[in-house]
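Listed below are the residues making up each chain.
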Amino acid sequence: MTQPLKIAIAGLGTVGVGVVKILENHKQMIADRTGRTIEIVAVSASNRGRDRGIDISGYDWSDNALDFAGRDDVEIVVELIGGSDGVAAALAQQSLSNGKSFVTANKALIAHHGTALAACAEENDVALRFEASVAGGIPIIKSIGEGLAANRINKVYGILNGTTNYMLTQMEATGKDYGEILEETKLLGYLEADPALDLDGIDAAHKLAILSSVAFGVKTSFDNVYMEGIRRIKLVDIEYARELGYRIKLLGISSLSKAGLEQRVHPCLVPKSAPIAIVDNGFNAVVVDGDPLERTFYEGRGAGEGPTASAVVADIIDIARGHRGPAFFVPVAAMTDA
Ligand SMILES: NC(=O)c1ccc[n+]([C@@H]2O[C@H](COP(=O)([O-])OP(=O)(O)OC[C@H]3O[C@@H](n4cnc5c(N)ncnc54)[C@H](OP(=O)(O)O)[C@@H]3O)[C@@H](O)[C@H]2O)c1
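Here is what the cut-offs are and how they apply
- Residues numbered from 1 in each chain as written.
- Predicted model: local features only at pLDDT ≥ 70, side-chain atom pairs only at ≥ 80, totals over all residues.
- Heavy atoms only, no water.
- Near = heavy atom within 4 Å.
- Polar contact = N/O pair within 3.5 Å; in protein donor to acceptor, adjacent residues only side chain to side chain.
- Areas by Shrake-Rupley, 256 points an atom, 1.4 Å probe, with all protein chains shown as cover.
- Pairing = 2+ DSSP bridges.
- Helix = DSSP H or I, 4+ residues; strand = E, 2+ residues; numbered from the N terminus.
- Salt bridge = Lys/Arg side-chain N within 4 Å of Asp/Glu carboxyl O.
- Buried < 20%, exposed > 50% of the residue type's maximum accessible area, 1.4 Å probe, protein only.
- Patch = residues over 30% accessible without salt bridge, like charges linked within 9 Å, V, L, I, M, F, W, Y side chains within 5 Å.
- Contact = heavy atoms within 4.5 Å.
- Axes fitted to C-alpha atoms, helices over the stretch in contact; angles between N-to-C directions.
- 1 Å grid on protein atoms, 1.4 Å probe; cavity = no way out; pocket = protein on both sides within 12 Å on 5 of 7 lines; lining within 4 Å.
- Points joined across faces, edges and corners; volume = space filled by probe spheres on them.
- Nonpolar A, V, L, I, M, F, W, Y, C, P; charged D, E, K, R; others polar.
- Domains from an automatic or database assignment.
- Expected span 1.5 Å × (residues − 1).
- Arc of directions from axis to C-beta.

## Remarks on the site of the ligand
- Residues in contact with the ligand amount to 22 residues; listed here are only the nearest, Val 15, Asn 47, Arg 50, Arg 52 and Gly 304.
- Within the backbone of Val 15, a nitrogen or oxygen atom sits 2.9 Å from an oxygen atom of the ligand.
- Between Lys 107 and the ligand, the recorded distance is 3.4 Å, taken from a side-chain N or O atom to an oxygen atom.
- Look at the ligand: alone it shows 900 Å² of surface, and the protein chains cover 75% of it.

## Some points on the pairing of strand E10 (residues 260-271)
- Two strands pair when backbone bridges link them, and strand E8 (residues 226-227) and E10 are joined in this way by 2 bridges, in the parallel orientation. Residue Met 227 lies in a different strand from E10, and its bridge partner there is Val 265.
- Bridging between strand E9 (residues 246-257) and E10 involves 12 bridges; their strand directions are antiparallel. When the bridges of E10 are listed, Ser 254 appears paired with Gln 263.

## Let's talk about the pattern of salt bridges
- Per the counting criterion, the structure on display carries 21 salt bridges.
- Of the charged contacts in the structure, one is a salt bridge between Lys 207 and Asp 203, with a shortest N-O distance of 2.6 Å. With Lys 207 and Asp 203 both in helix H9 (residues 202-216) and 4 residues apart, the pair spans about one turn of that helix.
- Asp 203 gets classed as buried once you look at its relative accessible area, which sits at 2%.
- Several salt bridges converge on common partners, so that one network encompasses Glu 172, Arg 242, Arg 247, Lys 249 and Asp 280.

## What to know about a nonpolar patch on the surface
- A cluster of nonpolar side chains, Leu 244, Tyr 246 and Leu 269, forms an exposed patch at the surface whose accessible area comes to about 320 Å².
- Mapped onto the secondary structure, Leu 269 falls in strand E10.

## Comments concerning the sheet that holds strand E6 (residues 128-129)
- Across the sheet, which stays open at both edges, the 6 strands sit in the order E3-E2-E1-E4-E5-E6 with parallel pairing between neighbours. The strands lining the two open edges of the sheet, one partner per strand, are strand E3 (60-61) and E6.
- Bridge count for strand E1 (residues 5-10) against strand E2 (residues 38-44) is 6 bridges, and the pairing is parallel. If you follow Ile 7 over to E2, its bridge partner there is Ile 40.
- Lying over the sheet, helix H3 (residues 86-97) contacts E1, strand E4 (76-79), strand E5 (101-104) and E6, oriented at roughly 155 degrees with respect to E5.

## A word on the layout of surface pockets
- Size it by volume and the second largest pocket reaches roughly 350 Å³.
- Along the wall of the second largest pocket there are 18 residues; nearest its centre are Asn 151, Val 214, Ala 215, Phe 216 and Gly 217.
- Of the residues assigned to the lining of the second largest pocket, the class counts are 12 nonpolar, 5 polar and 1 charged.
- When residues of the lining of the second largest pocket are assigned to domains, at least three fall in each of domain 1 (5-136 + 305-334) and domain 2 (144-301).

## Considering H3
- A rise of 1.5 Å per residue sets the reference length of H3, with its 12 residues, at 16 Å; its end C-alpha atoms lie 17 Å apart and thus fit the reference within 8%.
- Ala 88, Ala 89, Leu 91, Ala 92, Ser 95 and Leu 96 are the residues of H3 that are buried. Take H3 and look down its axis: the buried residues cluster within an arc of 160 degrees, on one side only.
- Of the surrounding elements, those touching the buried residues of H3 are E1, E4, E5, helix H4 (107-123) and E6.

So far we have only geometry, and geometry alone does not tell us how the molecule works.
Next up, the structure:
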């Protein structure tokens, strides 16, 4: 077996802890699959003393995650902090520039800076991977970029935010109005620290911008996504929709036609007979329409420790196997303006 692949993990919250658990619990299985042992050498978070339910005493601790970008022994930096700018963006830029591959679950970062970071990865001949950033555990990025590589994609759409899907499902199931379900969802801890990310469709729009780039080879352009969230959905809307044979789902929709790229997130009436209509609660789903395959449908858990960490570790495994292809499956020079 070749040398261990050494990684550093910045951020030990929900996802970071999940990644540590998978890498430690499935160490031998992953080594058998990749031909390399994956070794966590260093970790970083805000509060060193916090009990995370895992043993981190065997890893170097760093108060400053940016140290990882300068460590000679680290081959992959894994960023699980969050935020489109600040430490996450600096860590991405510095790690890639210093010849380290970079894995992240951070949709805000990739939606805003994906193309620039992909260019930096190419210049330095390293990998940039972000499977966990869209639809959590559903391997939708690899499915489009690799499994559907022979297809011209016409349209990609889906339920990309589990929290709002949970809220809409619960309004219909319980007959409670938006305000009541919002309070319950807050108590369950399902909302982002900034609830606008969920409720106004921003989180779904981040994911849609990434999907557009993967599906159509366009430069990431979050600013071009039309956004409308679920704040104005009333119980009566859901009831009328049901009477007419529809359900209301917050969809992200991206399509490329002669008129150009259209990216939008808004509540939609979905026929009850459509597979996506029965995707409920925290689940996500993505539909891809391509030529010649036509429609394919993907469903799974869109968030949470296990599903998200599963996607992050899959990216690490991909790099351990030696895959270094372009982040959006086409070189940045071949990407078009959205
Ligand atoms: N949670 C999900 O289901 C999910 C799904 C898909 C994608 N994601 C994405 O995954 C990323 C992580 O999400 P999460 O839910 O794991 O977040 P989280 O639970 O809030 O964890 C964030 C972690 O970052 C650490 N941190 C904050 N500032 C830092 C800094 N300056 N340097 C180093 N560490 C710092 C925190 O430290 P302390 O623990 O000491 O406070 C914490 O461990 C985000 O980009 C998110 O959008 C999450």
